[in-house]
Amino acid sequence: MYATQALTHLVPLAADELDKNKVTPGVLGFIVFAALAVGVWALMKSMNRHMGRVNFEEEPGPAEPASEPVAASAKRK
């Protein structure tokens, strides 16, 4: 007996037992959710590792000539 024939014999039996108001995601839904959770966890772990390698210390810019304070130039006007 082929698998498709076996399924066609079982579908009418399942249709009688299936309550359309009580449909749940089941095992496949759990597996997909768990795979997504593991993927997000792996991405977060990788991001934390890469962020730990980043140097946040800003390098000093080129020396600029000292200019007058803004408050002193505003008084002259």
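Criteria and cut-off values
Residues numbered from 1 in each chain as written. Predicted model: local features only at pLDDT ≥ 70, side-chain atom pairs only at ≥ 80, totals over all residues. Heavy atoms only, no water. Helix = DSSP H or I, 4+ residues; strand = E, 2+ residues; numbered from the N terminus. Buried < 20%, exposed > 50% of the residue type's maximum accessible area, 1.4 Å probe, protein only. Patch = residues over 30% accessible without salt bridge, like charges linked within 9 Å, V, L, I, M, F, W, Y side chains within 5 Å. Areas by Shrake-Rupley, 256 points an atom, 1.4 Å probe, with all protein chains shown as cover. Salt bridge = Lys/Arg side-chain N within 4 Å of Asp/Glu carboxyl O. pLDDT = per-residue confidence, 0-100.

1. Quick notes on the overall build of the protein chain
- A tally of regular secondary structure across the protein chain gives three helices and zero strands.
- Listing every helix and strand of the protein chain by position from the N terminus yields α-α-α.
- Relative to its 77 residues, the protein chain shows a buried fraction of 0%.

2. Section: a nonpolar patch on the surface
- Taken together, Val40, Met44, Met47, Met51, Val54 and Phe56 make up a surface patch of nonpolar side chains, about 610 Å² in accessible area.
- Checked against the element boundaries, Met51 lands in helix α2 (residues 26-53).
- The exposure class of Met51 is partly exposed, given its relative accessible area of 46%.

3. A look at the confidence of the model for the protein chain
- The pLDDT averaged across the protein chain works out to 78; a share of 60% of its residues lies at or above 70.
- Of all helices and strands in the protein chain, the one with the weakest mean pLDDT is helix α3 (residues 70-76) (57), whereas α2 scores best (96).

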